[in-house]
Amino acid sequence: MALPQIAAACRRLISVRFIYMEHRSVALDGPAAAGKSTMARRAAGRFGLIYVDTGALYRAVGLYALRNNAGPKDEQAVARLLPEIKLDMRYDENGMQRMYLGDEDVTDEIRKPQISAYASDVSALAPVRAFLLETQREMARKHDVIMDGRDIGTVVLPDAGLKVFMTAQPAARAARRYLELIGKGIETTPEEVMREMEQRDKNDSERALAPLKAADGALILDTTEMGPDESFESLCAFISNMMISGVR
Ligand code: DC
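Every value quoted in this text rests on a predicted model; they were computed, and no experiment measured them.

## Some words on the overall build of the protein chain
Stage number 1. Check the secondary structure of the protein chain and you find ten helices and eight strands.
Stage number 2. Taking 18 Å as the expected radius of gyration for a compact globule of 248 residues, we find that the protein chain reaches 18 Å, a close match to that expectation.
Stage number 3. In terms of overall dimensions, the protein chain has C-alpha extents of about 60 × 45 × 35 Å along its principal axes.
Stage number 4. Every one of the 248 residues in the protein chain was classed for burial, and the buried ones make up 44%.
Stage number 5. Sequence separation of at least 24 residues holds for 75% of the intrachain contacts in the protein chain that already meet a minimum separation of 6.
Stage number 6. For the protein chain, the computed accessible surface area is about 12,400 Å², with 54% contributed by carbon and sulfur atoms.

## As for the packing of aromatic side chains
Stage number 1. Per the counting criterion, the structure on display carries zero aromatic pairs.
Stage number 2. The ring of F232 carries the charged tip of R42 above its face, separated from the ring centre by 4.0 Å.
Stage number 3. Geometry around Y100 places R90 over its ring, the cationic atom sitting 3.7 Å from the centre.

## Remarks on helix α5 (residues 113–122)
Stage number 1. Of all ten residues in α5, seven are buried; the element is thus mostly enclosed.
Stage number 2. Burial in α5 covers these residues: I115, S116, Y118, A119, S120, D121 and V122.
Stage number 3. Structurally, α5 contributes buried residues whose contacts are with α3 (55–67), α4 (75–81), α6 (126–142) and α9 (190–206).

## Here's the deal with the site of the ligand
Stage number 1. As a matter of local geometry, the ligand sits amid 16 residues, with R59, R129, R200, D204 and R207 nearest to it.
Stage number 2. At 2.9 Å from an oxygen atom of the ligand is found a side-chain nitrogen or oxygen belonging to R150.
Stage number 3. Here a nitrogen atom of the ligand and a side-chain polar atom of D151 are 2.9 Å apart.
Stage number 4. Listed by contribution, the elements that provide at least two residues to the shell around the ligand are α3, α5 and α9.
Stage number 5. Here the element with the most residues in the shell around the ligand is α3; it accounts for three residues.
Stage number 6. Across the shell around the ligand, the residue classes tally to three nonpolar, five polar and eight charged.

## Some remarks on the nonpolar core
Stage number 1. Ranked by internal contacts, the top residues of the largest apolar core, which has 36 residues, are M99, V128, M147 and L157.
Stage number 2. Counting only elements with at least two residues in this core, the list comes to α3, α4, β4 (97–101), α5, α6, β6 (145–149) and α7 (152–156).
Stage number 3. In terms of residue count, α3 provides more of this core than any other element does, eight residues in total.
Stage number 4. Contacts of M99, omitting those with residues within four sequence positions, involve A56, L57, A60, L87, D88, M89, E104, D105, V106, T107 and I110.
Stage number 5. By size, the runner-up hydrophobic cluster in this structure holds 20 residues, among which are F47, L49, Y51 and L235.

## Some thoughts on the packing of α3 against α6
Each pair of packed helices can be summarised by the angle the axes make with each other and by the distance between the axes.
Stage number 1. Following both chains from N to C, one finds α3 and α6 inclined at 140 degrees, their axes separated by 11 Å at the closest point. Taken together, α3 and α6 sit at an angle that is classed as oblique. Here α3 runs over α6; the crossing is right-handed. Residues L57, Y58 and V61 of α3 lie in contact with α6, whose contacting residues are V128, R129, F131, L132, T135 and Q136.
Stage number 2. Class assignment of the residues belonging to the contact of α3 with α6 gives a composition of six nonpolar, two polar and one charged.

## Examining the pattern of salt bridges
Stage number 1. Tallied over the entire structure, the rule returns 18 salt bridges.
Stage number 2. Taken together, the shared-partner salt bridges in this structure form one network comprising R67, E104 and E109.

## Quick notes on the environment of D121
Stage number 1. Here D121 shows up in helix α5.
Stage number 2. Along the chain, D121 and E134 lie 13 residues apart, while their C-alpha atoms are 20 Å from each other.
Stage number 3. Once residues lying within four places of it in the same chain are set aside, the contact partners of D121 are P72, K73 and N203.
Stage number 4. Within the structure, D121 has its side chain in polar contact with the side chain of N203 (distance 3.1 Å).

## Considering the sheet that holds strand β5 (residues 104–105)
Sheet strands pair by backbone hydrogen bonding; their relative direction is either parallel or antiparallel.
Stage number 1. An order of β3-β4-β5 is seen for the three strands of this open sheet, with the pairing classed as antiparallel. In this open sheet, the two strands that pair with only one neighbour each are β3 (87–91) and β5.
Stage number 2. Sheet topology note: the β3/β4 ladder contains five bridges and is antiparallel. Paired with Y91 across the bridge in β4 is Q97.
Stage number 3. The sheet strands contacting α3 are β3, β4 and β5, and the helix crosses β4 at an angle near 30 degrees.

Cut-offs used in this document
Residues numbered from 1 in each chain as written. Predicted model: local features only at pLDDT ≥ 70, side-chain atom pairs only at ≥ 80, totals over all residues. Heavy atoms only, no water. Helix = DSSP H or I, 4+ residues; strand = E, 2+ residues; numbered from the N terminus. Rg over C-alpha atoms; globule rule 2.2 N^0.38 Å. Buried < 20%, exposed > 50% of the residue type's maximum accessible area, 1.4 Å probe, protein only. Contact = heavy atoms within 4.5 Å. Areas by Shrake-Rupley, 256 points an atom, 1.4 Å probe, with all protein chains shown as cover. Phe/Tyr/Trp six-rings, centres within 6.5 Å; stacked < 30°, edge-to-face > 60°. Lys NZ or Arg CZ within 6 Å of the ring centre and 35° of its normal. Near = heavy atom within 4 Å. Polar contact = N/O pair within 3.5 Å; in protein donor to acceptor, adjacent residues only side chain to side chain. Nonpolar A, V, L, I, M, F, W, Y, C, P; charged D, E, K, R; others polar. Core = buried A, V, L, I, M, F, W, Y, C linked by side-chain atoms within 4.5 Å. Axes fitted to C-alpha atoms, helices over the stretch in contact; angles between N-to-C directions. Parallel < 35°, antiparallel > 145°, perpendicular 65-115°, else oblique. Left-handed = near helix turned anticlockwise from the far one by under 90°. Salt bridge = Lys/Arg side-chain N within 4 Å of Asp/Glu carboxyl O. Pairing = 2+ DSSP bridges.

Such coordinate-based values are descriptive only and should not be taken to indicate function.
Quick look at the structure:
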């Protein structure tokens, strides 16, 4: 490449980086039921960030595919539906994210175990990932965010000011998820939760596209031996350090 072209390429790179750097972003990745959403929501409140639950987007696509009889691994059938899917992430007066499919609030429905499995399957499809990428990046361009998912630090926001990979041993995660589902009145058993979770982790980490893994430079937060408050304070310590250091 000639010198002027190299200079132009550098300017483009710097301006792309600048767009994302105007706002603070925290990327929080990890396996299912690691406690990411609970911790991210609390941290958002403490640090004045917008919490973006990206799993809700994949779940809403999964729900739409299910309702329209598209097999979750049938790439062509799911891709055909994408242009008609109207996703909207709204925030209620308490700052809680609500997921809308068209005018319908599907926030609670997408938490059902059947939709978890569907979401994991559709999320392995290239057209689905491409369809949702810009929505996620746009949130980070417009707001200071803490965004949780599987590929936030690796793909969606590789320049995030802080990348955290939150995990815990499977037994600890399954026990927490079981209590959460029962608390929401969803009938299940500990065995079913463990089976579903392990299957999902396997799908999410073995898929070809944007698999679940810790991003380069991510801080690992293993909460197996931690209660909720200790996990939260550990995450907050990471975020405080980011803020003190002035990184965005
Ligand atoms: O975070 P969650 O459990 O609500 O996510 C549901 C599924 O969506 C998960 O099994 C994999 C997929 N997902 C993804 O592939 N990438 C993300 N950034 C978030 C979720």
